Amino acid sequence: MKITLLTSNKKRHNYLINLLSQISDELFVIQECGTIFPGIVPGHYPASPLMKNYFENVDNAQNKLFGNSYVDTKKNLKILPMVSGDLNKVSLDKLSNFLKSDIYIVFGCSYIKSKLVDFLVNQKTINIHMGISPYYRGTDCNFWALYDNNPHLVGATIHLLTKGLDSGPILYHAMSEMKIDPYEYTMSTVKSAFHSLAQKINDKSIFDMDPLIQKKNQEIRYSKKIDFNEKIVGEFLQKKIDLKSKKFQNSMLKDPFFLNR
């Protein structure tokens, strides 16, 4: 089985690469490279001591859940690195050697546009959205679910890619029972998404799932990166978040997978 993954270069993304390489005959990775120091180096997020504090908590949780993940170079792995944001500037011809797979997965790369998104939609590409759609769509969705005191809506949505952001038909939700602290809890849902997807691809059950069309009227928040600012992060850091304040409701989820300790 050949798999193509479009992703980024953080430790958790490398963990996914290693996981997929174990279940594929060939793995083709188109990997965007951005800063690994959010909150310190200006980029997708502003840089300040407060933002540094927040992202240090995130990074500590990432290290605990994923370790110091480096890509384990194997014969069945081919990687095409590029600067973050360049994905939509590259022609399909230049990507052609990486677009001959049986399964396509998108996780954490730039918002895909033009002919590339048309190609991926036609290939029934799977998108890993870190947030529970249709309730939370956009960026930093699990942060906002905790900010809104909705810990039961922290997780991942595995859905079919469409041109709309996080709006494709849902295959299933990936959740976690690891309610230790907000950062580890959130990061554990990433791990839940990775392992459940690898498992479902490996046993081919992913192909038997009946996609569920999202209902726009169920949306709680559509967040943009501009919303994630120092004021909001400062408020979040002062919150006392009770991760057990609300129970999971299976009726709100699609075929949920739960990661245990």
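The structure this text deals with has already been given above.
Quick summary incoming for the structure in this document. Predicted model, so just to flag it, every value in this text is computed and none were measured.

1. Regarding the state of the cysteines
- Tallied over the entire structure, the rule returns zero disulfides.
- No disulfide involves C109; its nearest neighbouring cysteine sulfur is the one of C33, lying 12 Å away.
- The class for C109 is buried, based on a relative accessible area of 17%.
- With no disulfide of its own, C141 lies closest to C109 among cysteine sulfurs, the gap being 15 Å.
- Owing to a relative accessible area of 1%, C141 belongs among the buried residues under this scheme.

2. Description of helix 6 (residues 182-202)
- With 21 residues, helix 6 extends 31 Å between its outermost C-alpha atoms, agreeing within 8% with the 30 Å of an ideal straight helix rising 1.5 Å per residue.
- Most of helix 6 is tucked away: 17 of the 21 residues are buried.
- Positive backbone phi, at 65°, marks K204, one or two positions downstream of helix 6.

3. Describing the sheet that holds strand 5 (residues 126-129)
- Read from one edge of the open sheet, eight strands run 3-2-1-4-5-7-8-10, paired in mixed fashion. Both outer strands of the open sheet, strand 3 (77-83) and strand 10 (257-259), are each paired with one neighbouring strand and no more. On average, adjacent strands in this sheet sit at an angle of 15° to one another, irrespective of strand direction.
- As judged from the seven bridges shared by strand 2 (residues 26-33) and strand 3, these two strands associate in the parallel manner. Across the sheet, L27 pairs through a bridge with L77, a residue of strand 3.

The rules we used
Residues numbered from 1 in each chain as written. Predicted model: local features only at pLDDT ≥ 70, side-chain atom pairs only at ≥ 80, totals over all residues. Heavy atoms only, no water. Disulfide = S-S within 2.5 Å. Buried < 20%, exposed > 50% of the residue type's maximum accessible area, 1.4 Å probe, protein only. Helix = DSSP H or I, 4+ residues; strand = E, 2+ residues; numbered from the N terminus. Expected span 1.5 Å × (residues − 1). Pairing = 2+ DSSP bridges. Axes fitted to C-alpha atoms, helices over the stretch in contact; angles between N-to-C directions.

Read these as geometric descriptors, not functional statements.
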